[in-house]
Amino acid sequence: MKQVRLVDTTLRDGMHAVSHQFTAEQMAAIAKRLDEAGVGTIEIGQGDGIGGSSRQYGFAAESDEAYFKAVSRALTRAKWCALLIPGIGTIEDLKVALEYNVGTVRVATHVTESDVSEQHIKFAKQAGIEVIGFLMMSHMASVEKVVEQAKLMASYGADIVYITDSAGAMTPDQVKARISCAKEAIDVPIGFHAHNNLGLAIGNTLAAIEAGASLVDGTVRGLGAGAGNSQLEVLAAVLDKLGYETGVDFYKLMDIGQELIDPIMHRPQIISNDALAIGYAGAYGSFLLHARKAAERFGVDARDILLEMGKRKAVGGQEDLIIDVAIDLSKR
Amino acid sequence: MKLKAAILGPGNIGIDLMMKILKRQELDLVMMAGVDPTSHGLKLAAERGIKITTEGIHGILQEGNIDIVFDATGARAHAMHAPLLKEAGIFAVDLTPAAVGPYCVPAVNMVTDSDVDNVNMVTCGGQATIPVVAAINSVAPVAYAEIVATISSKSAGPGTRQNIDEFTETTAAALVKVGGAKCAKAIIILNPAEPPLMMRNTIYCLCDTSKFDEIVKALEAMVAKVQQYVPGYHLKVQPYVDGDYVVTAVEVEGAGDYLPKYSGNLDIITSAAVSIAENYAACRVGGAK
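Residues numbered from 1 in each chain as written. Chains lettered and ligands numbered in written order. Predicted model: local features only at pLDDT ≥ 70, side-chain atom pairs only at ≥ 80, totals over all residues.

### Looking at the overall build of chain A
Looking only at helices and strands, chain A has 14 helices and ten strands in total. When the backbone C-alpha atoms are referred to their principal axes, chain A occupies close to 55 × 45 × 40 Å. Classification of the 332 residues of chain A by burial places 65% in the buried group. Across chain A, contacts joining residues at least 24 apart in sequence account for 76% of those joining residues at least 6 apart. (Helix = DSSP H or I, 4+ residues; strand = E, 2+ residues; numbered from the N terminus. Buried ≥ 20, exposed ≤ 12 C-beta atoms within 10 Å, placed from the backbone. Contact = placed C-beta atoms within 7 Å.)

What follows is the structure, encoded as structure tokens:
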């Protein structure tokens, strides 16, 4: 049977949708149930990764360490995973995660900037954990550039390289082209992380698998930045129908959604107008709530802010540019 | 009598320093030192009639009679250079993250103590944001400062890229030590957009926002002070209050001496370094030492 490894990021990307307000207790309870549902890798923490709790991105309800501690204790079979974006988080932050037996670290950079990850990837490999190189905003670079950068991450020692559609801006053909060329160029497994701003998260994920991706991300209820991610319970069901072995019980995932996630969601995870604007413009998913806040403050349309952010080629993490854009738009 | 200066490390920063020193003529630039004979920076220096050496620090020490060395190599290298320079009685302006000597941001804490023989230039992000935090802190104590520096990919050299943690850690430490914040966080973002964007820094300060009017005055005075040595430094977002925070953003347009104008991030640190060296020279020539 064909196998696909599912990585759950409800407790990391999903944090964007709740302004990083899950408590450590809630995370631990959800992680425990994901473990029981057969999910092997569970990413946790503030939406921008370790060290991400900030005025710029939003302070999380609790410290990184509180989340690590609570989740690491709740798991029996599954391993937990941390996201590290160099420039935001540091090796010192990663050392805290190591104290709580982190199993995997995803070192994420903008798709053209992978050389900033060398230090972190090498450090994590020396510490003996699994390392995933995570190329964000992959729609912003050509296929050749994506392949070149994936090669770099693999050369630093990454065990897996992800092509990440942080803006939910790609179409299935674009996903296929990037995945298949990366797959051909490097020996390590390739992963794919989708967002649903254009309604293509599941479709793009299937396209990625067909093109050779062997790991894919999802979140229960699709909870995540922008219009959210591939909805994990749906993805697990679809993969099951297509004859893929994931080791995940999608019925149990549905129960987690209903019992644990629905009651604590801040709003329905839909393709709102603003989320669609993000996908169309190719803007970073987590700009959504920040753009809404700035839109209200400066009396402009959040969609206009997001389209302008795309035009200005803002990369992940540039939430502070939203204010500039909102001020400029308010003067027009 | 002008003091004699040398530049150690003929990379982008070293070359930009050379251009600035030659333009201003306050110091007598006598040597550019590197280790790679094929270095572009050494070639440019030789073309301008500046003596070059490929013996690195040893070339400078052998030359003798040098008063000031700008070290634009790397943190590890500077840790080795610092004791040698000290022994030779040479004033060191350290542009690496080594931080052997105290942090110095000219607009905030120009080092004038004659006992200090090594000063550290923090980081480009530190040079751009610490004046803002210090100005706000002078009116309303800053309980927490957070800065986000966005620079164009093209202007981030291999030194920054391979040691990006040093940037965030050093900047945060200096926001506290020099800026006066109780605690601090620094974030750096590289943006590859073409044409390259100018260095942009957002500063968030948690403080008593009821003193906003005074804060704005202090900030404007501080920006003018920084502009004396970095003319392209300006407020990008006028300060405003958001909850318990005062928020503002500064942009740095480079002088375009060696690197193009978008490289304000390099310009601000080289300008600050030259400003410190000139101040040291003025003190010494004036008989302070």
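### Quick word on the sheet that holds strand 7 (residues 160-164) of chain A
Reading around the barrel, the eight strands line up as 2-3-4-5-6-7-8-9 (chain A) and close back on themselves, with parallel pairing between neighbours. For this sheet the average axis-to-axis angle between neighbouring strands, irrespective of direction, equals 25°. (Pairing = 2+ DSSP bridges. Axes fitted to C-alpha atoms, helices over the stretch in contact; angles between N-to-C directions.)

### Focus on the interface of chain A and chain B
The interface of chain A with chain B comprises 23 residues on the first partner and 25 residues on the second. When residues in the side of chain A that touches chain B are grouped by element, the largest group, three residues, is from helix 14 (residues 321-331) of chain A.

### Description of the confidence of the model for chain B
On average, residues of chain B score 94 in pLDDT, and 99% of them are at 70 or above. Taken together, the chains of this predicted complex give a pTM of 0.96 and an interface ipTM of 0.96. (pLDDT = per-residue confidence, 0-100.)

### Structural notes on the domain arrangement of chain A
Residue and element names in this part refer to chain A. As assigned here, chain A comprises domain 1 (2-264) and domain 2 (273-331). The C-alpha centroid of domain 2 is placed 24 Å from the C-alpha centroid of domain 1. Along the lines of polarity and charge, the residues of the side of domain 1 that touches domain 2 split into eleven nonpolar, eleven polar and one charged. (Domains from an automatic or database assignment. Nonpolar A, V, L, I, M, F, W, Y, C, P; charged D, E, K, R; others polar.)

### Describing the domain arrangement of chain B
Residues and elements named next belong to chain B. As far as domains go, chain B holds domain 1 (4-122 + 268-285) and domain 2 (124-261). Each of domain 1 and domain 2 has a C-alpha centre, and the two are 24 Å apart. Counting from both sides, the interface comprises 24 residues of domain 1 and, opposite them, 26 residues of domain 2. When contributions to the side of domain 1 that touches domain 2 are tallied by element, the ones reaching two or more residues are helix 1 (12-24), helix 5 (106-109) and helix 10 (264-285). The residue inventory of the side of domain 1 that touches domain 2, partitioned by class, reads 15 nonpolar, six polar and three charged.

### Topic: the packing of helix 9 (residues 232-241) of chain A against helix 10 (residues 250-261) of chain A
Residues and elements named next belong to chain A. In the contact formed by helix 9 and helix 10, the axes pass within 9 Å of each other and the chain directions differ by 165°. The orientation of helix 9 with respect to helix 10, classified from their angle, is roughly antiparallel. Our pair here, helix 9 against helix 10, has a crossing hand that is left-handed. On helix 10, the residues touching L232, E233, A236, A237 and D240 of helix 9 are F250, L253, M254 and G257. Among the residues making up the contact of helix 9 with helix 10, the classes are represented as six nonpolar, one polar and two charged. (Parallel < 35°, antiparallel > 145°, perpendicular 65-115°, else oblique. Left-handed = near helix turned anticlockwise from the far one by under 90°.)

### Considerations on the packing of helix 3 (residues 64-74) of chain A against helix 4 (residues 91-99) of chain A
Residue and element names in this part refer to chain A. The geometry of helix 3 relative to helix 4 is characterised by a closest axis approach of 9 Å and an angle of 25° between their N-to-C directions. As far as their axial angle goes, helix 4 and helix 3 are roughly parallel. Helix 4 is crossed by helix 3, and the crossing has right-handed handedness. Contact with helix 3, carried on its side by D64, E65 and F68, involves D93, V96 and A97 of helix 4 and no other residues of that element. Its residues assigned to classes, the contact of helix 3 with helix 4 comprises three nonpolar, no polar and three charged.

### Side note on helix 2 (residues 24-36) of chain A
All names here are of chain A. The terminal C-alpha atoms of helix 2, which comprises 13 residues, lie 18 Å apart, in line with the 18 Å expected from a rise of 1.5 Å per residue. A24, Q26, M27, A28, I30, A31, K32, L34 and D35 are the residues of helix 2 that are buried. Just downstream of helix 2, G38 is the residue with a positive phi angle, here 100°. (Expected span 1.5 Å × (residues − 1).)

### Concerning the sheet that holds strand 6 (residues 118-120) of chain B
Residue and element names in this part refer to chain B. In space, the six strands of this open sheet follow the order 3-2-1-4-5-6, with parallel pairing throughout. Of all the strands in the sheet, just strand 3 (51-53) and strand 6 have a single pairing partner and so form its edges. Strand-to-strand twist of the sheet, defined as the mean angle between neighbouring strand axes without regard to direction, takes the value 20°. Note that strand 5 (residues 91-94) and strand 6 share three bridges and pair parallel. Paired with A92 across the bridge in strand 6 is N118. Lying over the sheet, helix 1 contacts strand 1 (4-8), strand 2 (28-33) and strand 4 (68-71), oriented at roughly 165° with respect to strand 2.

### Some remarks on the pairing of strand 10 (residues 233-242) of chain B
Residues and elements named next belong to chain B. Across seven bridges, the pairing between strand 10 and strand 11 (residues 245-252) is antiparallel. From the neighbouring strand, Y240 faces strand 11, where its bridge partner is V247. Remark: two residues form the turn of the hairpin made by strand 10 and strand 11, two consecutive strands paired antiparallel; G243 in that turn has positive phi of roughly 65°.

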